[in-house]
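Structure assessment
Read off the chains here:
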Amino acid sequence: MSERPDALLPFPDSARLEADGIRLDGIALSALAAEHGTPLYVYDAASVRSRAEAVAAALRDAPGGGRAAFALKAQSALALLRLIRAAGLGADCASAGEIEAARRAGFDGASLVIHGNAKSDADLRAALDAGAGLVVLDGRDEAQRLAALCRAAGRSQDVLVRIAPGIDVDTHRHIATGHHGSKFGVTPEAGAALLRDLPAGLVGRGLHVHLGSQVLDPEPLVAAARWLPAFAKAEGIPLEVLDVGGGLGIRYTPDQPQPDPGAHTRALVEAIATVCADEGLAVPEIVVEPGRSIVGTAGVTLYRVVGVKTAGDGSTWVAVDGGMGDNLRVGLYGADYAPVLADRPTAEATGRYRIAGRHCESTDVLAEDVPLADPAVGDVIAVPATGAYHQTMAHTYNLFGRPAAVLVDGGAAREITRRETADELFARDV
Ligand SMILES: Cc1ncc(COP(=O)(O)O)c(C=O)c1O
């Protein structure tokens, strides 16, 4: 067989349909579920590597230089971070914890870009201790606190200022960040004023913008990149570094497009170079912060069916042994997924089913209206496109331990995150 039918479109690059169902890098998903248990996060190393390398390559020829800082909020399993570091990316960290993850994965301090709209002094201290290359300021108060820490440490810190330019992107309103009224960053005018008047100890290098996440039409992201150099020129502020954030979306369901992160990064570089030439400006160093577009497509979550029943309205529930504890995105944003049966993804559907999670919330429904072929207890359900913002958002509601994770690479699978044990669930109780 070894085909890639439509149902497999949102699956990782190495996914193929064989006689025993879907295989990733030659390994059957049903075998992984049997060996490692469910729910289980499975990641395809080749999918991560090719995207990370494509982004790094697109920046290599940027006229003013460029770097990519992978957004750890999307994925922070150390084995995946090491793979991303090896491809040449730095790290975008939004907490002292993410800074620690970056250090443990071996990222160079200078490659760290530090974020957060409400950074504590502990977060800022962790950034200074790590020797972070850039701290992205979210407002004037944070600038004062960081400057005080710098003075106490007898050092300076390169900073950018995050602005919300009021550019809307077509995404869920809960993951739009660059609109007027956003909690992230400051208005362009306030950002320019802050850069002109930074407290002693901070060295202003330029601007940062991140418009939102899961953006499938990248044009507004490129438009923002085009707008920023002209804005900096008009305001007379330095733009040695221009950080255009992340945000490129991925395909969650077969009908969606699959934007190419390498091509998108090349488009950003070209747009910035062109506008700088038009404005007579030196091309700044370009920073990008991709998260989802590097790791999202690499992940599949496996569940075991534990029950099938018909409700009073005639709909049929397929209950699985996971849910909002391992996938918060449905409850947070009403995200859509295209689950399939791992061993017969293309078998003719016997009906349309609702996939119920195991948590005590009516909103814990992984997907609605899913065509499946006679699902039964013991079947493995595979949900593709779960490599970003799943494991990092996992939690222990109802005291279910968080899932294990497995990495497939070079035709072999190895566990990279252990399943959380009952003892670990109570380890903090005193
Ligand atoms: C500042 C910043 N940079 C980068 C990202 C990564 O975004 P994405 O995963 O959509 O590429 C985010 C996500 O929210 C962010 O807030």
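Residues numbered from 1 in each chain as written. Predicted model: local features only at pLDDT ≥ 70, side-chain atom pairs only at ≥ 80, totals over all residues. Heavy atoms only, no water.

Here we look at the pattern of salt bridges
- Considering all chains together, one arrives at 20 salt bridges under this definition.
- Linking Arg49 and Asp409 is a salt bridge whose minimum nitrogen-to-oxygen distance equals 2.8 Å. Of this pair, Arg49 sits in helix 2 (residues 45-60) while Asp409 sits in strand 19 (residues 404-409); the two residues are 360 residues apart in sequence, bridging distant segments of the chain.
- Taking relative accessible area as the criterion, Arg49 reaches 31% and is therefore assigned partly exposed.
- Of the charged contacts, one joins Asp197 and Arg140 as a salt bridge, the two residues approaching to 3.5 Å between their closest N and O atoms. Placement of the pair is Asp197 in the loop between helix 7 (188-196) and strand 10 (202-208) and Arg140 in helix 6 (residues 140-153), with a sequence separation of 57 residues.
- Using a relative accessible area of 36% as the deciding quantity, one classes Arg140 as partly exposed.
- The structure contains a network of salt bridges with shared partners spanning Asp158, Arg205 and Glu240. (Salt bridge = Lys/Arg side-chain N within 4 Å of Asp/Glu carboxyl O. Helix = DSSP H or I, 4+ residues; strand = E, 2+ residues; numbered from the N terminus. Buried < 20%, exposed > 50% of the residue type's maximum accessible area, 1.4 Å probe, protein only.)

So, helix 2
- The first and last C-alpha atoms of helix 2 sit 22 Å apart over 16 residues, in line with the 22 Å expected at 1.5 Å per residue.
- Looking at helix 2, one finds that the buried residues are Ala45, Ser47, Val48, Arg51, Ala52, Val55, Ala56, Ala58 and Leu59. (Expected span 1.5 Å × (residues − 1).)

As for the packing of aromatic side chains
- Tallied over the entire structure, the rule returns 3 aromatic pairs.
- For the pair Tyr41 and Tyr43, a centre-to-centre distance of 6.4 Å together with 15° between the ring planes defines the contact as stacked. As far as the burial class goes, Tyr41 and Tyr43 line up, both buried.
- With centroids separated by 4.8 Å and ring planes inclined at 20°, the aromatic side chains of Trp227 and Phe231 adopt a geometry described as stacked. Separated by 4 residues within a single helix, Trp227 and Phe231 lie in helix 8 (residues 219-235), roughly one turn from each other.
- Classification of Trp227 by relative accessible area gives partly exposed; the value is 31%.
- Between Arg358 and the ring centre of Phe400, over which it is positioned, the NZ or CZ distance is 3.8 Å. (Phe/Tyr/Trp six-rings, centres within 6.5 Å; stacked < 30°, edge-to-face > 60°. Lys NZ or Arg CZ within 6 Å of the ring centre and 35° of its normal.)

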